[in-house]
Each structure stands twice: as C-alpha cells, then as structure tokens.
Amino acid sequence: MTRPEYIPPWLLKNGLLMTLYSALRASRRWEKTIPYPDPPYQEHIFSGACGVPIFGLVAIPENPRYTIVGTYGITGDLDNQWFLRLLGRKAFAQGCAVVLFDWRAHGKTAELSPTLTSDGLYEGEDFVRIAAAAKKMGCPAPFWFTGYSLGGQLALWAVKSAQAIADWGSELGIAESELAGTAVICPSLDSNRSLSYLVKDELGKYLEKAIARQLKKLATQIAILHPGAIDPAAIKRANTIWGFDHELVIGLLGFSTVEEYYDASSALHILPHLKKPTLILYAADDPMFDPTIVNDLQAISANNSALELMLTGYGGHVGYISSKACQRQFADRDRWWAWNRILQWFDRLSAN
C-alpha cells in the first residue's frame, strides 16, 4: 500500500509562503486549533555540559508512557516559541512526560549564563544531561529528543552524544538503552552551504537579515545581563549570521574561521554514524536551506538503516500545515502534520 503524502492548503504550495504564513499568521492562531491547555509545567534548572546552567520546563502526567525532550531553533525562547509549546500540549495530552528547555544563550538560560551557542558541539551533551536529570525527577524511559530548524541539528547531535555516554557520562544514572533516539523537523544540516545559498537568494537575504537582527538582540541582552562577558564593539560588528559567529562564537570554541566551525558542527556529517532510530522530516521547498542538500540527505538515509527520511515536496521551513483533505487522509485531529507524524512515530517505537 502506498503511504499517503503530505498535502498543504493549495495557497501554501510554495515554500516561502508556507514559511511566512506559519511565522506571521499561524503563530497568532495556534491555540485555537487544538483543545489542550498548557501542561502543569514545573520550572527546573538543569546542569549541561561543562556545568552550564540550562533553564527548562518539566511536566509529568499520571502514568507517563515515555519522555520527550525538546528545544527550538536559532532564535527565540520558551515564552514565544509557540511551535514547541504546541508540541508540549499535544504530547502531554497523549500521556507523555515533556521536558522543554531554553538552549544556550537563549531565554532564561541566557539569564543564568553568558555561555554562547556551539550549534550542537556541546548542546548534544546538554540534551543527554537534561534527560538524566529528568529521569531523577520521575520522567520515564524511553527518552526521545526533538527539535526543529537549528534545534533539529542540536537534537541530532544529542543522539551522537547518547551513543557515547558510556565514555563520558557513566555517572549520570541513565543507560544508553534508555536514550531511544530522535525525530526532527527541517533540521539545519550544512550551515556553510545553506547560509551561502540564503544570502545570494533574492528573497532569502531578507530572511537572513531578520535572523541576524534577532541574534544581535540576543547578544546585546547577554551583555546587559552579564557585564564584561561580551565586547560591545563585537556586537556592533555582528550584523549577519556569519558575523555573529565570527565576532562572538568561534574564538571561544577554538576555531580559526566560521567555515571551519560550521563544518565541525554540521549535522550532515554525523548522520552516517547515528545508530539510534532517527526520523527526519524535510521539505524539498524549504527556502532556508540549499536545495542540493536533499540529494545528500537521500543518499545518506539510503545507506543507514537507523535513519528514516520523510521527504515531502511541500512544507516550507517548519511549516507543514496540512489541508483538510490531508487531515482526513491521515486521520489527524488538527492541522499540525509534522508533530502528528512525530508523535505517531514515538508511540510506535516506544511500544516495541
């Protein structure tokens, strides 16, 4: 039997339009699309790699079936990342424990520490340490990692870290077998190629500028919260995504160039080495990423049985709003196609 395909509303059969609609319109109406309230979250400060404090929210239902640990993309925080909070509501309503966190240099984590981002090099271990602490709070195995956009890259690095936990985290009180795997939406896979593609695209360069402005605000806020941690002159010079990493990030991580840093943190390079179940939802019309990545992703997935690739023709960047016909075809109760597929996948593999 042929698996049904994702179908967006006909007006959103364009990657850029889907992306903009999701960010500007769906973000204001999402709470009306589902009947579930916010879970009863408990605030918690986790200890990440190198002891970096990380702010998170934990919700545990009665008789939880498994645990989802997730974060968001390149900018934002837990207060405004509605797409992640949407997952939290849906997952908790289905009996899952939920752990959401502000990753390094974001939200309340930035209030706790001036440590900047590393695009997965340390955040992968952060995920695992958060899972171990959540286990002690009563969250049950199996633990599944998730994220979208750059957060998807971080979740892929989490699997790599989980596979090596015996080498670096034997004292954490969580077994490798309890760290089940990951499912990600539109993950960043090759920053060198995608950023080059974005700034050359007639419309993509405006998306890049919008993200860069948010990164500049992020750095400015950290400088205010932690006087002396960041050079104000460097923030002033950081007017692009590349500039942010060049001025503020690579020196602290020991890289001589941004390109070297992007190559080291690229999730595409680690995919062949992942051994735990990994689901990747990826849209061919994603306007944020170089289209040539699709061919590489298909080839890698075909040669690694741990990877399951759901490549769709439509979806944009972290959009995946489904049409009414698509909802009927998949028997979905709402329009959030990507999270529905991920929760189904988690359910199926957790039951095995």
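Conventions we followed
Residues numbered from 1 in each chain as written. Predicted model: local features only at pLDDT ≥ 70, side-chain atom pairs only at ≥ 80, totals over all residues. Heavy atoms only, no water. Helix = DSSP H or I, 4+ residues; strand = E, 2+ residues; numbered from the N terminus. Rg over C-alpha atoms; globule rule 2.2 N^0.38 Å. Buried < 20%, exposed > 50% of the residue type's maximum accessible area, 1.4 Å probe, protein only. Contact = heavy atoms within 4.5 Å. Areas by Shrake-Rupley, 256 points an atom, 1.4 Å probe, with all protein chains shown as cover. Pairing = 2+ DSSP bridges. Axes fitted to C-alpha atoms, helices over the stretch in contact; angles between N-to-C directions.

Visitor: What is the right way to read the overall build of the protein from this model?
Guide: Tallying secondary structure elements over the protein gives 14 helices and 8 strands in all. For a compact globule of 352 residues, the expected C-alpha radius of gyration is about 20 Å, and the protein comes in at 19 Å, within 12% of that figure. Along the first, second and third principal axes, the C-alpha set of the protein runs to 55 × 50 × 40 Å. Buried positions account for 57% of the 352 residues belonging to the protein. Within the protein, contacts between residues separated by at least 24 positions form 77% of all contacts whose residues are at least 6 apart in sequence. When the accessible surface of the protein is summed, it comes to about 15000 Å², and 53% of that surface belongs to carbon and sulfur atoms.

Visitor: Just to check I follow, could you spell out the sheet that holds strand E3 (residues 67–70) for this structure?
Guide: Hydrogen bonds along the backbone pair up the strands of a sheet, which may run parallel or antiparallel. The 8 strands are arranged E1-E2-E4-E3-E5-E6-E7-E8 in an open sheet whose pairing can be described as mixed. The two strands at the open ends of the sheet, each matched to only one other strand, are strand E1 (42–47) and strand E8 (307–312). Neighbour-to-neighbour, the strand axes of this sheet turn through a mean angle of 20 degrees, independent of strand direction. Sheet topology note: the E3/strand E5 (residues 143–148) ladder contains 4 bridges and is parallel. Directly across from glycine 70, in E5, lies its bridge partner threonine 146. Against the sheet, helix H5 (residues 150–163) touches E5, strand E6 (179–185) and strand E7 (278–283), its axis set at about 150 degrees to E5.

Structural measurements only, silent on function.
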